[in-house]
Each structure stands twice: as C-alpha cells, then as structure tokens.
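Descriptive analysis of the structure
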Amino acid sequence: MKAPRVGIIGIGQSDYKSRRDDANYPELVREAVALALKDCQRSLEDMEAVVYSLAPDALLGIGNAERLGVDAVGARNKRFMRINTGGSTGISSVAAAHSHIAAGACDIVLVAGADKVGECGDSQTIMNKIWDPIYERSLPLGTITMLAMSALRYMHKYGMTQEDMARVIVKNRAHAALNPRAHLRKETTIEEVMSSRMISWPIKLFDCCPQSSGGCAMVLASEEYIRANNLEAVWITGLAHSSESYYLGDRMGRGYTADHADAHALGESFQRSYKMAGIADPVRQVDVAELYAPFSNTEFHAIEAAGLAPIGRSPQMLKDGEYFKLGGRLPVNPSGGTVCSNPIAVTAMVRVAEAALQVWGRAGAHQVQGAKVAIASGNGGDHQFFGTMVVEA
Amino acid sequence: MQFLKRTENWNITYEHALGETASWFYTKIRDDAEIYGRRCPESGRVLVPPRAFSDQTLAPTTDWVKVGPEGVIEAFTIVYDAFKNLPPPPYAFGYVMLEGADTAIGGYFKGVDLGDPAAAARKLAIGTRVTTRFAKERKGDVLDFWFETV
Amino acid sequence: MRTALQVGMIGCAFHAPRNHDTASLEEAVHQATHNALRDAGLAIDDIDGIVVAANDQYDGRAISIMAASGSVGGVGRDILCTPSCAEHAFVLAALRVGAGQFRTQLVVSWSSLETTDLSEAQRLGTDPYFHRQLPIDDLSSHGMQANALEARVPGAREAAIAVTESSRKHAAIAYPEFAASPVDPRVIASSRVVRWPLTEGMVSKPAFAVVAVVLASDAFIAERGIGQPAWIHGMGWATEPGFLGDRDLAELPSLRSAAQQAYDAAGITQAESAFDVAEVADASPYQQLLALEALGLCEATAWQASIGRGDFQSGGRLPVNPSGGALSFNPVFCTGLMRIAEAGNQVRGQAGRHQVADVTKALAHGASGFAMQYNTVVVFGRDRKEVQQ
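So, a few notes on the structure that sits alongside this text. From a predicted model like this one, the values you see are computed outputs, not experimental measurements.

The partner chain C presents 59 residues to the 64 residues of chain A that form the contact. Note on chain A versus chain C: buried area summed over both sides is about 4900 Å², and carbon and sulfur give 57% of it. If you look at where chain A meets chain C, you find one salt bridge. A salt bridge links R76 of chain A to D246 of chain C; the nearest nitrogen and oxygen atoms lie 3.6 Å apart. Here chain A and chain C share 24 residue pairs in polar contact (both at pLDDT 80 or more) between them.

In structure tokens form, the structure reads like this:
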C-alpha cells in the first residue's frame with residue numbers, strides 16, 4: 001500500500017540574533033509557531049500532533065525543556081514528542097513528523113523549536129560534555145576542535161587551503177546579506193577572514209558559525225488534507241538518516257569505513273533520500289542545496305556527500321567561480337547557511353524551511369530562479385548523525 | 001522597562017562505570033606505562049582505545065594487542081582560545097595511530113613551540129612520527145600520557 | 001484514520017544487572033540489544049532503523065544518543081532519539097514501520113544510576129524563571145499529585161496502600177530477585193514519609209535497567225514466519241502542560257485523550273471488559289489509581305470495592321501489573337517502555353512466571369515527567385486487527 005504524500009504547508013522563522021532578552025524560551029518558540037500558523041492560515045486547534053525540536057538541554061539550562069514548551073505549541077492533550085539528535089535535531093524532527101502522517105496517524109502536524117545559544121555561558125564547555133566520559137572527556141574536544149581536525153585531514157587529502165575555506169564564508173555572507181532572517185549579514189573578504197583570530201588551527205573566528213537565538217516552525221500535512229482544504233504546498237519526496245561511528249579515532253588509521261576528512265554517512269543518507277525521491281543524477285536534477293555546515297571547511301565535504309561535486313574537488317570548483325553561488329550553478333546555502341545563523345536546536349529545520357521556500361518561489365532576494373528540486377541536510381553529534389531531505393514543488 | 005535575568009549553575013556529580021575493558025586498559029597504563037588495543041575479529045581492526053565490542057559489527061572484540069609507543073599523527077589542532085573549564089591556550093592535541101593499532105587514540109602533543117601557528121602546524125603535519133611519553137605519577141587516565149615528535 | 005500496514009512486537013529484552021558498576025553504560029546497552037535481537041531471532045543486519053530514548057542529565061552525557069548509538073547498531077543505520085520519554089521512542093518506531101519506510105525498528109531505552117544525585121538532575125527540569133528554587137523532583141511531584149487525589153477521592157489512601165501490597169505480591173512471583181518490599185500493608189502505611197503523603201514503603205528506589213523491543217511490519221513477519229507477535233491494535237499519546245500549577249493534578253485529561261486515540265484505532269468501546277491484562281504506570285500507587293480511572297477501567301467511586309474484591313490482582317477479572325510494576329522495580333526513565341514491553345510479552349506468551357492465561361488483548365500505559373505529564377497508551381492484540389478500508 002502506497003504511503004500518502006506529505007507536504008509542507010506553513011513555515012515560520014524568527015530573525016536570528018545573538019540574544020533575545022525580550023523573550024523567554026517558550027515565548028521564542030511561540031513566536032515561530034505563530035508565524036508558521038499564519039503562513040498556512042491554520043490555528044493551534046487544527047494541529048493533531050506536535051514534534052518538538054530541541055537539542056542538548058544543557059545549552060538552554062533546563063532539563064527536558066520541551067515540557068515547558070507544551071503550551072507554546074498548543075499541545076495540551078495532544079500528541080507530543082521531542083526529538084534530539086544533536087545538531088541534526090531540526091531535520092530529524094521534520095522526519096519524525098513525516099512518519100506521523102505517512103503512517104496514517106495524523107493529517108496535520110506542527111514541528112517547532114527554538115534556541116537561545118547566546119544565553120548559555122559557554123557552548124563549547126557543554127559541547128565538551130558530549131564526549132564519552134570513559135576515554136575522551138579529559139581531552140579538550142569540542143565541536144570547533146573536532147572539525148578543525150576534519151579540516152586538516154581534508155587539506156592533507158585534497159590540498160584545500162585556508163583561502164579556500166575563507167571563500168565559503170565570503171560566499172555565504174554575501175547570500176546572508178540578502179536574507180533578512182540571517183544573524184551574520186555583513187559581507188566580508190578573504191583577507192578579513194584570513195586575518196581574523198585563530199581559534200583552533202586552521203579554523204579562525206570568521207570560519208565559525210555564530211551563537212544564535214531564535215525559533216523555527218513548520219506545518220506538515222497529508223495530501224488528502226491539502227486537497228480537501230485547497231492549500232498550497234511543497235512536497236517532501238525523499239528523507240533518510242545515517243550515522244557514523246562515534247569514535248573520531250576510528251575514522252582514521254587503517255581499515256576505516258569513514259574518514260574524518262569526509263562525510264561518509266552524510267553521503268549514505270543522501271543516497272537513501274535520493275533513491276526514495278527518484279533522483280539518479282543530483283548534479284542535473286537538484287536546483288538548490290541547503291547543507292548544514294557550521295564551519296567553512298565542512299561545506300566542502302557536505303557538497304561532495306550530496307553528490308554535487310566529485311570528492312575533494314569542490315574547493316577548486318568554488319574558486320573557479322561558476323559553482324555554488326547564488327546566480328551560478330548548483331547554488332549552496334543561498335540563505336547564508338549555518339555559518340551565518342546557528343540556533344542549534346532548529347538549525348537543521350531551517351535548512352528544510354529554506355529548501356521549501358526555494359521550491360515554493362518564496363525565498364525573496366535570495367531566491368534561486370526556477371528552483372523546483374531542493375535538498376537539505378543536518379549534522380549532529382560529533383559529526384555523527386546525518387539527516388537529509390528532498391523537497392520539491 | 002527593565003529586563004531582568006537569573007543566574008543558574010548546573011552542578012551534578014557522576015560516577016561513571018568504566019567496565020572491564022576500559023578498566024584493564026587504564027590499569028596497564030597506570031601500573032606498566034603500556035597501551036593496549038583490542039581486535040575486532042570480523043574486520044581485523046585493532047581498536048585503540050579498546051572497546052568490548054566493535055560498533056561497526058556489534059561483534060565482541062577478542063585479543064588484547066600491545067601498541068606503541070611510536071606512532072603517526074592522524075589529526076591535530078592547535079587551540080588559541082580560552083574556553084571555560086578547558087586548559088589555558090595555546091595547546092595542541094589530536095589523534096595518533098600507534099604502531100600495531102588500526103584506529104587512532106586522542107592525546108595532547110607537547111614539546112612543540114606553538115607561538116607561530118603555521119610553523120607549529122608544519123611540525124605536527126599529518127603523517128609525522130611521534131612517541132608516547134608517560135607521566136612519572138600515573139592515575140589511570142588518558143592524561144597519564146602524551147605525544148612528542150621524534 | 002486510515003489503517004496502514006500492521007505493526008507487531010516480535011522481540012524484547014530487559015537487562016537489569018544486580019551490580020551495574022561492572023560494565024559501562026554503553027556495554028549494558030549493547031547487551032540488551034544483543035538479547036532483544038536474539039529474542040526476535042534476528043541479526044543486526046535485519047534492523048532498518050532504531051529509536052532510542054535516554055535522559056542526558058541522568059547519563060551525564062550532553063547528547064546521550066552519541067556513545068550509545070554504537071551499542072544499538074546505529075552505525076550506518078537510521079537512528080533517532082526521543083528524550084522526552086521512553087514511550088515516545090516506541091511510538092515513533094511504530095509510526096516509522098507503519099509509514100512503510102522501514103520494515104523493522106529496534107527501540108532501546110535505559111535509566112542509568114551514574115549520577116550520585118538523581119533528585120538534583122530531576123530538579124533541573126524545572127524552569128529557571130519561576131520554579132527552580134523549589135524542591136520539585138519526580139517524587140515531590142508524585143506527592144503533590146497524591147495529595148490532590150486524596151482531596152478529591154475519599155478512601156484514595158486505603159486504595160493506594162492496597163494497590164502497593166498487590167504489586168509487591170505480584171513481583172514476588174514475577175521477579176523474586178527484586179525482593180520488592182515492604183509487602184505488609186501496615187508497614188507500607190507506617191514507614192517513613194518521604195514526600196507527604198508518600199511513605200518510603202509506597203515507592204521503589206531508582207533502579208538501573210535497559211529495555212529493548214523489536215518491532216516489524218506484517219510483511220516482514222509473514223516472510224520470516226515469526227510466530228506470535230503482539231500486534232499493535234491502537235496507540236495514543238498526549239501531554240499535560242508543563243507548569244504543575246496550570247493543572248488539576250487529580251485529573252489526567254491527556255491520559256483520557258491518549259486512551260481515546262488508542263481505543264478508537266483498536267475498535268474498543270468498553271474498556272472495562274475489553275482486556276485480559278493491563279500494565280499501567282505506577283511510580284507511586286496513586287498513579288495506578290489515576291490510570292485505572294482515566295483508562296476507563298474503574299471509576300474512582302468503585303476503587304475500594306473493586307480493589308477489595310481483588311479484581312486487579314492475578315487471578316482477578318483484570319490483572320493489573322502482574323509484573324509488579326514500577327512499585328516493585330523502578331528504572332525511572334524507562335519504566336514506561338517496560339510497561340509497554342510487559343504487556344506485549346503477555347500477548348506473545350513470553351511473560352514467564354507472571355504470564356496470564358489466554359491473553360488475546362493487553363493494555364499498556366506509560367507515564368513520564370512531573371506528575372504524569374506525558375501519557376502513552378498501547379493496545380496489543382494476539383490476532384491481526386480487522387482492517388477497515
């Protein structure tokens with residue numbers, strides 16, 4: 001029996017900022033929810049279930065903070081669950097909502113969340129606690145140092161330079177300048193990135209994502225509901241997850257399945273999504289990509305994992321000028337991407353939201369002309385969990 | 001309108017059970033200054049640090065294999081920023097594949113001048129040979145050892 | 001609601017070592033996974049996807065799915081995590097199979113005891129805006145709910161004591177190794193008060209356990225010739241609001257909603273007589289009373305009479321918690337999944353010493369969060385559901 005098609009009918013995003021001292025956490029969630037409901041002209045009462053997007057509790061300073069978000073998402077007496085897959089939480093939440101509808105349990109589901117990373121004293125301290133206390137907790141591991149090591153291995157394997165990395169930031173800031181939701185919107189230059197403070201070799205301040213606060217919400221519905229209510233929608237045609245070994249050291253040495261330089265499991269995840277969506281040739285069939293990349297270097301292996309460039313070749317392709325920019329071929333992160341806004345609990349949902357806006361023709365100044373097929377990805381854990389999605393008009 | 005704030009600290013203590021495999025590994029480090037890995041029978045890979053089972057195959061690991069003290073740098077970074085509750089910068093750390101191992105273990109790199117990042121990065125480039133140094137007083141912890149270039 | 005393909009529970013394992021200090025958490029989770037797969041007659045390669053659930057603050061790991069994912073076969077597989085509660089992992093896994101995207105799912109949840117201060121970890125679940133200064137942990141919330149219930153229903157306390165006694169007697173048969181105590185109602189009633197009106201005898205100390213369950217689609221079950229699955233006839237889940245002060249703690253509208261969802265899907269109209277066995281939430285005996293009422297099994301006015309008659313004891317008209325429940329063994333975070341698994345095992349004929357005879361329909365209920373904030377209901381049947389097209 002064929003599963004019903006699942007569509008996205010409403011999208012709401014905050015303006016992402018460093019701090020939102022004017023709103024507490026549940027209020028921030030409610031803000032995004034109100035925007036998403038308005039977008040599809042539905043009320044909270046119409047929602048049959050809620051999937052709540054929330055990454056590590058410690059970043060918010062509240063254990064199981066989703067419990068406080070129940071009213072913000074109108075979930076009293078309703079189906080409600082929370083998803084946490086680290087940084088990929090947002091896209092995993094959309095996937096969970098998709099399952100609610102495809103299984104025939106619900107016709108319309110709200111996905112929502114928010115983050116206040118700026119309020120947390122020091123996100124890298126918490127990120128250190130994601131490592132296991134048996135072996136690696138004593139080491140100064142954090143997301144920055146972990147991905148700095150990925151950059152180094154990628155450089156070693158494929159010859160990427162720090163200037164190549166800087167080029168990603170220049171591209172994405174130029175995109176973000178056209179996106180009123182983005183946190184970091186100021187354009188920059190390779191020189192400026194190169195002269196920014198070194199944080200963890202070779203990652204410099206400007207290579208890093210910001211600590212953003214803000215919310216995101218989406219409304220998904222079944223095809224039956226969409227037709228019965230005469231609604232506009234875009235469609236999730238492919239979705240999947242895959243993961244790598246938690247042990248960074250296992251992604252090195254001899255006999256590894258995944259190299260820490262690359263994003264092997266992201267590639268697996270994309271292959272599964274593409275298969276479901278019937279995409280055999282992504283370079284030809286994908287019009288735009290919103291790929292989760294919290295540091296400049298990680299955008300390259302994400303592009304390659306998505307099959308949009310041969311492994312190791314994307315830095316050169318970006319340098320040559322034709323690729324990955326708005327207005328060029330295979331635009332990547334026309335919203336500015338994660339390096340311009342990172343409200344961790346929902347960042348991966350924002351990737352789906354932006355992909356949806358693109359194929360809907362509603363991406364405003366950062367619209368990719370004629371986009372009909374978009375892809376989105378999310379990364380979580382120590383570059384471990386990868387969610388992907390294909391969204392089509 | 002005055003916007004108020006509250007300060008909160010999380011303060012919970014944990015006693016994490018290490019299990020037999022990790023306990024044996026740390027005992028060897030503490031008592032004999034030796035590092036061991038365990039072999040996954042299905043893939044043949046010697047996993048360091050050792051685990052009771054391979055997460056690729058879910059098969060239990062089998063024999064203990066002594067590894068090191070020499071090895072090769074597989075990944076590194078040099079940190080120049082201070083993060084709360086982490087050491088004062090600058091410091092270098094990363095992953096080393098010890099002789100006899102198939103995976104890399106994490107540890108600090110010492111004895112390299114970190115003043116000039118680019119120069120330091122060249123000294124620690126992937127593929128550089130290192131040796132393991134052990135602290136005189138050991139507790140049975142990954143901080144009982146570190147790596148230095150040879 | 002359309003009925004999609006059918007989902008059955010085909011494997012289960014409880015891993016509750018006496019001494020949890022000899023193995024790391026990841027090793028314990030691996031053991032439970034291994035045992036559940038063996039029970040289902042499957043290898044890890046037969047598993048299409050996994051859903052886990054754990055509490056970061058209990059585990060002392062900022063993203064608990066990370067290290068654990070290797071233990072449950074997450075490498076190279078599609079794995080998600082529902083930290084809201086263990087029951088939600090079961091729900092999501094069932095939806096994933098029901099969506100036709102996965103033929104099998106492994107569900108794993110655990111409750112660790114590595115923090116020396118579980119109560120402190122639970123207190124971090126209050127909001128820092130208004131309630132963090134107060135001593136609200138799980139037990140305090142159960143106490144508040146018990147008070148509210150006693151105020152609403154005369155005789156609730158006596159009923160609670162009786163329910164506790166039954167549960168301990170059930171546990172003596174089901175899991176004698178837990179040595180669940182006290183059993184004597186006088187001792188239950190008069191032991192030290194921990195959170196008025198809850199006495200030490202009315203609750204069970206937090207325990208360590210890992211619970212793993214395997215689900216599969218009807219097509220997979222048919223293909224592999226798997227005998228006696230527990231078919232999911234209906235599933236419902238709902239939540240109360242977060243602030244205790246926004247609720248009437250003596251009522252559980254979310255459980256009524258969840259039950260209604262499950263009963264509608266399962267075609268159940270008379271809950272009182274529909275089931276052969278029930279496993280319901282009982283971190284405190286008052287939880288069990290609230291569950292009996294909101295699940296439509298027994299009105300509050302009938303508690304004393306029904307309980308007095310032994311209706312809900314083994315051998316009675318509807319055995320409730322023949323496993324002994326959380327009142328006898330309480331792996332705090334995953335008790336809800338344990339209730340679901342116990343009910344499923346009854347239908348599979350795998351409930352061991354506490355197997356109820358001739359079970360064709362079982363009811364499961366799990367509750368989590370302060371004062372039963374999350375409620376999940378599952379109806380299992382021995383036979384495939386009649387499909388309405």
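Let us look at the packing of helix α4 (residues 86-98) of chain C against helix α15 (residues 335-348) of chain C. Residue and element names in this part refer to chain C. Two numbers describe how α4 lies on α15: the axes approach to 6 Å, and their chain directions differ by 50°. One finds that α4 runs oblique with respect to α15. Judged by residue contacts, A86, E87 and F90 of α4 engage G336, L337 and I340 from α15. Of the residues contributing to the contact of α4 with α15, the split by class is four nonpolar, one polar and one charged.

Quick reminder: α-helices carry 3.6 residues per turn. Residues three or four places apart thus point the same way. Over its 14 residues, helix α1 (residues 19-32) of chain B extends 20 Å from the first C-alpha to the last, a length consistent with the 20 Å expected when each residue adds 1.5 Å. Among the residues making up α1 of chain B, those that are buried are G19, T21, A22, F25, Y26, K28 and I29 of chain B. In this fold, the buried residues of α1 of chain B make contact with β1 (35-39), β3 (64-67), β6 (105-109), β7 (129-134) and β8 (145-149) of chain B together with α1 (25-40) of chain C. A33 of chain B occupies a position one or two residues after α1 of chain B and carries a positive phi of about 50°.

Quick look at the packing of aromatic side chains now. As enumerated under the stated definition, the model contains 24 aromatic pairs over all chains in all. Between Y58 of chain C and F333 of chain C the ring centres are 6.4 Å apart and the planes differ by 85°, which places this aromatic pair in the edge-to-face class. With Y58 of chain C in helix α2 (residues 56-59) and F333 of chain C in the loop between α14 (325-328) and α15, this pair connects stretches of sequence that are 275 residues apart. Under the relative-accessibility criterion, F333 of chain C is labelled buried at 7%. Consider the rings of F130 of chain C and F243 of chain C, whose centres lie 6.1 Å apart with planes at 85°: the pair is edge-to-face. Of this pair, F130 of chain C sits in the loop between α5 (118-123) and α6 (138-152) while F243 of chain C is found in the loop between β8 (230-239) and α10 (253-266), placing the two residues 113 residues apart along the sequence. Feature note: the residues F109, F134, F145 and F147 of chain B constitute an aromatic cluster, connected by ring pairs. The ring of F370 of chain C has R67 of chain A sitting right over it, with the charged end atom 4.9 Å from the ring centre. The aromatic ring of W196 of chain C is capped on one face by R157 of chain C, whose charged end is 5.9 Å from the ring centroid.

What follows is about the pairing of β6 of chain B. Residue and element names in this part refer to chain B. The element β6 is largely enclosed, with a buried count of five among its five residues. Alignment of strand β5 (residues 91-98) against β6, held across five bridges, turns out to be antiparallel. Note that in β6 the partner of A92 across the bridge is F109.

Now for the pairing of strand β11 (residues 374-381) of chain C. All names here are of chain C. Within β11, eight of the eight residues are buried, which leaves the element mostly enclosed by the surrounding structure. Neither face of β11 is open: one carries Y374, T376, V378 and F380, the other N375, V377, V379 and G381, and all of them are buried. Relative to β11, β8 runs antiparallel, the two sharing eight bridges. By the bridge assignment, T239 is partnered in β11 with Y374. Of the pairings in the sheet, the one linking strand β10 (residues 361-368) to β11 comprises eight bridges and is antiparallel in character. For A362, the partnering residue across the bridge sits in β11 and is F380. Two successive antiparallel strands, β10 and β11, enclose a turn made up of five residues, where G369 displays a positive phi of approximately 90°.

The subject of this paragraph is the pattern of salt bridges. Note that side chains of opposite charge can pair when their charged atoms are close. Scanning all chains against the criterion turns up 54 salt bridges over all chains. Residue R51 of chain B is joined to D250 of chain A by a salt bridge in which the shortest nitrogen-to-oxygen separation is 2.6 Å. In this pair, R51 of chain B is assigned in the loop between β2 (46-47) and β3 and D250 of chain A in the loop between β8 (234-243) and α9 (264-277), connecting two distinct chains. Just as R51 of chain B is buried, D250 of chain A falls in that class too. For D63 of chain B, the salt bridge is made with R39 of chain B, and the minimal N-O distance between the two is 3.2 Å. Taken as a pair, D63 of chain B in the loop between β2 and β3 and R39 of chain B in strand β1 lie far apart in primary sequence, 24 residues in all. We classify D63 of chain B as partly exposed; its relative accessible area is 36%. Since its relative accessible area comes to 29%, R39 of chain B is described here as partly exposed.

Conventions adopted
Residues numbered from 1 in each chain as written. Chains lettered and ligands numbered in written order. Predicted model: local features only at pLDDT ≥ 70, side-chain atom pairs only at ≥ 80, totals over all residues. Heavy atoms only, no water. Contact = heavy atoms within 4.5 Å. Buried area = accessible area lost by both parts, 1.4 Å probe. Salt bridge = Lys/Arg side-chain N within 4 Å of Asp/Glu carboxyl O. Polar contact = N/O pair within 3.5 Å; in protein donor to acceptor, adjacent residues only side chain to side chain. Axes fitted to C-alpha atoms, helices over the stretch in contact; angles between N-to-C directions. Helix = DSSP H or I, 4+ residues; strand = E, 2+ residues; numbered from the N terminus. Parallel < 35°, antiparallel > 145°, perpendicular 65-115°, else oblique. Nonpolar A, V, L, I, M, F, W, Y, C, P; charged D, E, K, R; others polar. Expected span 1.5 Å × (residues − 1). Buried < 20%, exposed > 50% of the residue type's maximum accessible area, 1.4 Å probe, protein only. Phe/Tyr/Trp six-rings, centres within 6.5 Å; stacked < 30°, edge-to-face > 60°. Lys NZ or Arg CZ within 6 Å of the ring centre and 35° of its normal. Pairing = 2+ DSSP bridges.

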